[in-house]
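The residues making up each chain are set out below.
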Amino acid sequence: MKALKLEGSLVEKILRDGFDLLENNKYKQLASRFKASIEDILRAVNVIKGFEPKPGRSYSSEEAVHIIPDVYIEESKGNYHTLK
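Residues numbered from 1 in each chain as written. Predicted model: local features only at pLDDT ≥ 70, side-chain atom pairs only at ≥ 80, totals over all residues. Heavy atoms only, no water.

1. Quick notes on the side chain of Glu12
Mapped onto the elements, Glu12 comes out in helix 1 (residues 10-17). There is a polar contact of 2.4 Å between the side chain of Glu12 and the backbone nitrogen of Gly8. When residues no more than four places from it in sequence are discounted, the contact partners of Glu12 are Met1, Leu6 and Glu7. (Helix = DSSP H or I, 4+ residues; strand = E, 2+ residues; numbered from the N terminus. Polar contact = N/O pair within 3.5 Å; in protein donor to acceptor, adjacent residues only side chain to side chain. Contact = heavy atoms within 4.5 Å.)

2. Describing unusual backbone geometry
Phi angles above zero are rare outside glycine, and Lys5 is one such case at about 55°. One can find Lys5 in the segment before helix 1. Backbone geometry at Lys77 places phi at a positive 55°, although glycine is not the residue there. Along the chain, the position of Lys77 falls in the loop between strand 1 (72-76) and strand 2 (79-83). Residue Lys77 is classed as exposed on the basis of its relative accessible area of 81%. (Buried < 20%, exposed > 50% of the residue type's maximum accessible area, 1.4 Å probe, protein only.)

3. Some remarks on the pattern of salt bridges
Throughout the structure, instances matching the rule amount to three salt bridges. For the salt bridge of Glu12 with Arg16, the shortest nitrogen-to-oxygen distance reads 2.9 Å. Of this pair, Glu12 and Arg16 both sit in helix 1, four residues apart, which is roughly one turn of that helix. Taking relative accessible area as the criterion, Glu12 reaches 12% and is therefore assigned buried. Look at Arg16 and you get exposed, because its relative accessible area is 61%. Between Arg33 and Asp20 there is a salt bridge; the shortest N-O distance is 3.5 Å. A residue pair is termed long-range when its members are at least 10 positions apart, and Arg33 in helix 3 (residues 27-34) and Asp20 in helix 2 (residues 19-22) qualify at 13 residues. By relative accessible area, which is 40% here, Arg33 ends up partly exposed. Judged by its relative accessible area of 38%, Asp20 is partly exposed. (Salt bridge = Lys/Arg side-chain N within 4 Å of Asp/Glu carboxyl O.)

This is how it looks when you write it as structure tokens:
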């Protein structure tokens, strides 16, 4: 929000306090909660839809490498056990 200068905006309010309604497309309820018009809600939603869900992606073109451990070690009551 800070980088986009959207602090305190309707966009930020929706993401912080109305995400449950947003993910279910409850725009009328969002308008009621934030005392905004449906048009304002729809404009804010369009801004949100334009956000990059993985913002770090633009800094690297490499795929994430997931490491699978060969062994797991678990501690139980001061003893350590090897798990496979």
